[in-house]
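Close look at the chain arrangement
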Amino acid sequence: MQKDFLALGHPGVCMTWEEAKAYFPVVQGNESLIREIWERIEYWPWLFIWHILLSF
């Protein structure tokens, strides 16, 4: 059962950068900077979902 859960994704992330990158056109700038910002912002939807699940 735990293998199936881990296959769903990474803890603290709704969509990894590798998955999100497929939706964007080719990055012409500093991809590591965009990835860092994506990972910082991506944490908040995950936190919101867990807050809703645990609070109600």
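Preceding block: the structure.
Residues numbered from 1 in each chain as written. Predicted model: local features only at pLDDT ≥ 70, side-chain atom pairs only at ≥ 80, totals over all residues. Heavy atoms only, no water.

So, the pattern of salt bridges
For clarity, the threshold we go by: The rule for a salt bridge is simple: a side-chain nitrogen of Lys or Arg has to be within 4 Å of a carboxyl oxygen of Asp or Glu. Secondary structure elements follow DSSP: runs of H or I of four or more residues count as helices, runs of E of two or more count as strands, with numbering from the N terminus. Partly exposed describes any residue whose relative accessible area lies between the buried limit of under 20% and the exposed limit of over 50%, with all areas from a 1.4 Å probe on protein chains only and scaled to the type maximum.
Overall, the coordinates contain four salt bridges when judged by the stated rule. The residue Glu-36 makes a salt bridge to Arg-40 at a minimum N-O spacing of 2.8 Å. With Glu-36 and Arg-40 both in helix 3 (residues 31-55) and four residues apart, the pair spans about one turn of that helix. On the basis of relative accessible area, Glu-36 is assigned to the partly exposed category, the value being 38%. A relative accessible area of 59% means that Arg-40 is categorised as exposed. Through salt bridges with shared partners, a single ionic network connects Glu-18, Arg-35 and Glu-39.

Here's the deal with the packing of aromatic side chains
Filter applied, for reference: In summary, the pairing rule links any two rings of Phe, Tyr or Trp, Trp by its six-membered ring, whose centres are within 6.5 Å, and it sorts them by plane angle into stacked for under 30 degrees, edge-to-face for over 60 and tilted for everything else.
Going through the model one piece at a time under the given rule, you end up with six aromatic pairs. When the centroid spacing of 5.9 Å and the interplanar angle of 35° are considered together, the rings of Tyr-43 and Trp-46 count as tilted. Residue Tyr-43 and its partner Trp-46 are located together in helix 3, separated by three residues, close to a single helical turn. Given a relative accessible area of 36%, Tyr-43 falls into the partly exposed group. One aromatic cluster is present, formed by Tyr-43, Trp-44, Trp-46 and Trp-50 through successive ring pairs.

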